[in-house]
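So the chains spell out like this:
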Amino acid sequence: MTTSRRQFLGSVTALAGGLTVAPGVTLYAVGTPVSSAVRWGMLVDTNKCTADCTACVTGCTKENGLEGTGRKATDAQWIRKVDVRNPSTKSERSLPVMCQHCAEPPCVDVCPTGASFKRADGIVLVDKHTCIGCRYCMMACPYKARSFVHEVLEDQKAHAPRGKGTVESCTLCVHRVDAGGQPACVEACHADGHGAMTFGNINDPDSDISKQLAKYPSSQIRADLGLDPGVRYNGL
Amino acid sequence: MKNMTYRLLTPQKGGFYLVLFMATVVIGLALFSAWYMEHNGHWVTGMNNQIVWGMPHVFAIFLIVAASGALNVASIGTVFGRKAYKPLARLSGVLAVSLLIGGLAVLVLDLGRPDRLIIAMTHMNYSSIFAWNILLYSGFVLIVGVYIWTQMDRLMEGWKGVAGIAAFIWRLVLTTGTGLIFGFLVAREAYDAAVLAPLFIAMSFALGLAVFVLVLSALGEWCDVPISDHLIARMGRLLGIFVVASLYFTVVQHLTGLYAAEHTAVERFVLLDGGVITILFWVGQIAIGSLLPLALIFGSKADLKRGGLMLCAFLVVIGGFAQLYVIIIGGQAFPLVLFPGMEVSSSFYDGAYNTYSPSLPEVGLGVGGFAIAMGIAMVCMRVLRFIPVTLENSGADSEHSKP
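Residues numbered from 1 in each chain as written. Chains lettered and ligands numbered in written order. Predicted model: local features only at pLDDT ≥ 70, side-chain atom pairs only at ≥ 80, totals over all residues.

## Focus on the overall build of chain A
Definition in use: Helical segments are the DSSP runs of H or I of at least four residues, strand segments are the runs of E of at least two, and each set is numbered from the N terminus. Residues with at least 20 other C-beta atoms within 10 Å of their own are called buried, those with 12 or fewer are called exposed, and the rest are partly exposed. The C-beta atoms themselves are positioned from the backbone. With C-beta atoms placed from the backbone, a contact is any residue pair whose C-beta atoms sit within 7 Å.
Secondary structure summary: chain A contains 7 helices and 10 strands in total. Of all 236 residues assigned to chain A, the portion counted as buried reaches 44%. Partitioning the contacts of chain A with sequence separation of at least 6, the portion at a separation of at least 24 is 60%.

Right, dumping it as structure tokens:
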């Protein structure tokens, strides 16, 4: 029996849509277009994040093929651990910082060609085909989330295309999210037993992330800029 | 003045082809630099993920800012009716267009993907000041082109006033756009300020006139164009006023920063602790680029002579480079503040003062922008009459005491 592509996609969608999932977990239908009904977000509990752990960074590097050249100043970093210390109280925190997937992203505003764009579901991406490598988005991003590809790349991951002369940043593992999964950093954090990162739809009041956001006060980095980042932090 | 005649830049007096050849060699080296950076990737430059805009941008923005300023000489004649400057209007126009093309060439050749220039022209994001600048720069070349046409074609002469006003307004908007490339960067401590727009306009007045003076002096020597002492003195005073204006906005910029507690750290960095940036600010921009030329222009009751004017123009150019280096590199050397009031560190240079060492290809590309500008101007002056035969009587009219 031969199955047309349309039939195949239809059955995959029906299968995904028909899956019964645990309450609070967003039902995601593979193959459906992204919509603004969903806003993907992430909550980092800095109380659970330890200074010596870089599981999220390693997970991201492995997933997206970001192994560097050893030239620190020009190597790409989609996610990094930032150690924050209050000089007056001496309190310390360690937390991952990556693209904050702003609702009002300055990188999208300043991009001359529109290569920097935000999907309806809030994920901010770079279209590698129309990025001209002007780096204005890097000047505009308040989070230092973007990297410029400074050298020739080989053996890239098929799901995370990169290109010399273009700008890139955390994609929120869009290839995994679109397949119903979670970003690699979140998975790695859980696998390491910290459980400091929660990913989910912040538009869905029943999602785990929304419940946590409702229960505990959270903060956004540089909330004063009014960019409404999709990445939030607890205990900061 | 009505019977002003213009001449070609003829190669009879030695050196035309030699200079053109030298410009071509520099352009060749710049193209090689661009190819080298593009082929290897930008890791071979001094730029990195911290200092994302480097020496090519200092050169490019200098040329673009000077381009809009060079047009002022024409505007002073056409829009503000100063007769002394009218014979210089053609030269002012062709120099403005040449400088702009030189600056844009540097900007484009530094792109990560210069081969995608066509995308920049066909995919416009209108919320981007960068995209607006692409329109402003293209429009500038077009409008100044028409303005030059109205000056050179008797049939078009009636449109000269309109074209002159349009070009003047356009250049003000253009420099505002250039300043706002930085002014709109809300996240960077050193930028995020509306004052950058008028500062860039004032800077363009000074840098544009300085470059114009240097080119005019060179042409005067080359083509035996006598330039009256009155015109020299007037241009000197005008340059002085423009330097004062640029200095005024610089003072306002830093006073505003010092007043707001949140900006004192970046001000301290630029004015006190920034190493090369601080030296370039005080020695390059303030002492060499501002105070010294002002002392030379206004310090003596005697009018400025040709050598003195050239020296002042040269100093202003040096100061302009220093100023743009401080703004562009200094603004990125100061770390982004993600957590105000906190001490931060990371593997990605969070909280660190970033350092920058310009590489040879970057400087080569930047200097190539100048060579492109001069090459275009020379070729234009070779084929069309831009150079006034004499400026002997310029500025000797009743308004000679005014700048």
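## Regarding the overall build of chain B
Counted only if it meets this: This radius of gyration counts C-alpha atoms alone. The globule rule is 2.2 Å times how many residues there are, raised to the power 0.38.
Of the regular secondary structure elements, chain B holds 13 helices and 3 strands. For a compact globule of 403 residues, the expected C-alpha radius of gyration is about 22 Å, and chain B comes in at 21 Å, within 12% of that figure. Summarising its shape, the C-alpha atoms of chain B cover approximately 70 × 50 × 40 Å along the three principal directions. Looking at chain B as a whole, 52% of its 403 residues are labelled buried. Within chain B, contacts between residues at least 6 apart in sequence are counted, and of these 80% link residues at least 24 apart.

## Focus: the packing of helix α9 (residues 229-259) of chain B against helix α12 (residues 306-333) of chain B
Residues and elements named next belong to chain B. Condition: Angles here are taken between N-to-C directions and fall from 0 to 180 degrees, while the axes themselves are lines fitted to C-alpha atoms, restricted in helices to the stretch in contact. Geometric relationships in this document are graded by angle, where less than 35 degrees denotes roughly parallel, more than 145 denotes roughly antiparallel, 65 to 115 denotes roughly perpendicular, and other angles denote oblique. Take the far helix as the reference: if the near one is turned anticlockwise from it by less than a right angle, the crossing is left-handed, and if turned clockwise, right-handed.
As a packed pair, α9 and α12 sit with axes 9 Å apart at the nearest point and diverge in direction by 25 degrees. Comparing their axes, α12 and α9 come out roughly parallel. The element α9 and its partner α12 pack so that their crossing is left-handed. Contacts between α9 and α12 pair Ile232, Met235, Gly236, Leu239 and Val243 from the former with Arg306, Leu309, Cys312, Ala313 and Val316 from the latter.

## Some words on the interface of chain B and chain A
Quick note on the threshold: For this scheme, ten residues count as nonpolar: Ala, Val, Leu, Ile, Met, Phe, Trp, Tyr, Cys and Pro. Four count as charged, namely Asp, Glu, Lys and Arg, and the remainder, Gly too, count as polar. Strands pair, by our definition, only if DSSP identifies at least two bridges between them.
On the chain A side, the residues contacting the 36 residues of chain B number 45 residues. Looking at the side of chain B that touches chain A, the elements with two or more residues in it are α5 (117-122), α6 (129-152) and β2 (343-346) of chain B. A total of 4 residues in the side of chain B that touches chain A trace back to one element, the largest contributor, which is β2 of chain B. Per-class residue counts for the side of chain B that touches chain A are 18 nonpolar, 13 polar and 5 charged. Strand direction decides the pairing type here: strand β2 (residues 79-85) of chain A and β2 of chain B, joined by 4 bridges, are antiparallel. Bridge pairing links Val84 of chain A to Val344 of chain B in β2 of chain B.

## What to know about the sheet that holds strand β8 (residues 197-201) of chain A
Residues and elements named next belong to chain A. The 4 strands lie next to each other as β8-β1-β10-β9, forming an open sheet whose pairing is mixed. Each edge of the open sheet carries a strand with a single partner, namely β8 and β9 (218-219). Bridging between strand β1 (residues 40-45) and β8 involves 5 bridges; their strand directions are antiparallel. When the sheet's bridge partners are listed, Val44 is paired in β8 with Met197. Across the sheet, helix α7 (residues 208-215) lies against β1, β8, β9 and β10 (231-234), angled at about 110 degrees from β8, the strand it touches most.

## Here's the deal with the nonpolar core
Operational definition: Put simply, a nonpolar core is buried Ala, Val, Leu, Ile, Met, Phe, Trp, Tyr and Cys residues tied into one set by C-beta atoms within 7 Å.
By size, the foremost hydrophobic cluster in this structure holds 191 residues, and its most contacted members are Leu63, Ala70, Leu99, Leu100, Ala206, Leu209 and Leu239 of chain B. Those residues in contact with Ala206 of chain B that sit more than four places away from it in its chain are Gly69, Leu239, Phe242, Val243, Ser246 and Val316 of chain B.

## Details of the confidence of the model for chain B
Which entries qualify depends on this criterion: The predictor attaches a confidence to each residue, called pLDDT, with possible values from 0 through 100.
Across chain B, the average pLDDT comes to 93, with 96% of residues at 70 or higher. Both confidence scores are given for the complex: pTM 0.92, ipTM 0.93.

## Thoughts on unusual backbone geometry
Residue and element names in this part refer to chain A. Of note in the backbone geometry, Arg135 takes a positive phi value of approximately 70 degrees without being a glycine. Along the chain, Arg135 turns up in the loop between β5 (124-126) and α4 (136-140). A residue is classified by how many C-beta atoms lie within 10 Å of it, and Arg135, with 22 of them, is buried.

## Quick word on the sheet that holds β2 of chain B
Taking strand neighbours across the sheet as the criterion, the 3 strands line up as β3(A)-β2(A)-β2(B) in an open arrangement whose pairing is antiparallel. Either end of the sheet is taken by a strand with one partner, and the two such strands are β3 (92-98) of chain A together with β2 of chain B. Direction aside, neighbouring strands of the sheet carry axes that sit 30 degrees apart on average. Its contacts with the sheet place helix α2 (residues 55-64) of chain A against β2 and β3 of chain A, and it is angled at close to 160 degrees to β2 of chain A.

## Re the pairing of β10 of chain A
All names here are of chain A. Of the two faces of β10, the one holding Val231 and Tyr233 and the one holding Arg232 and Asn234 are both buried throughout. Strand direction decides the pairing type here: β1 and β10, joined by 4 bridges, are parallel. Bridging across to β10, Leu43 finds its partner in Arg232.

## Here we look at the pairing of β1 of chain A
Counted residue by residue, β1 of chain A has 6 buried out of 6 residues, so it is predominantly covered. Alternating residues of β1 of chain A divide into Trp40, Met42 and Val44 of chain A and Gly41, Leu43 and Asp45 of chain A, and every residue in both groups is buried.

## Here we look at the environment of Thr113 of chain A
By secondary structure assignment, the location of Thr113 of chain A is in the loop between α3 (106-110) and β4 (116-118). In sequence terms Thr113 of chain A and Asp127 of chain A are 14 residues apart; their C-alpha atoms lie 9.8 Å from each other. Those residues in contact with Thr113 of chain A that sit more than four places away from it in its chain are Thr130 and Ile132 of chain A together with Ile119, Ala120, His123 and Asn125 of chain B.

## Topic: α2 of chain A
Residue and element names in this part refer to chain A. By the criterion of burial, α2 is predominantly enclosed, with 8 of the 10 residues buried. Of the positions making up α2, those classed as buried are Ala55, Cys56, Val57, Gly59, Cys60, Thr61, Glu63 and Asn64. Looking at the packing, one finds that the buried side of α2 touches β2, β3, α6 (184-191) and β8.

## Considerations on the packing of helix α4 (residues 89-109) of chain B against helix α13 (residues 360-383) of chain B
All names here are of chain B. Direction vectors running N to C along α4 and α13 enclose 145 degrees, while the axes themselves pass 8 Å from each other. Our pair here, α4 against α13, has a crossing hand that is right-handed. On α13, the residues that touch Val94, Leu95, Ser98, Leu99, Ile101, Gly102, Gly103, Ala105, Val106 and Leu109 of α4 are Leu365, Gly366, Gly368, Gly369, Phe370, Ile372, Ala373, Ile376, Ala377, Cys380 and Met381. Here the residues of the contact of α4 with α13 are counted per class, giving 15 nonpolar, 6 polar and no charged.

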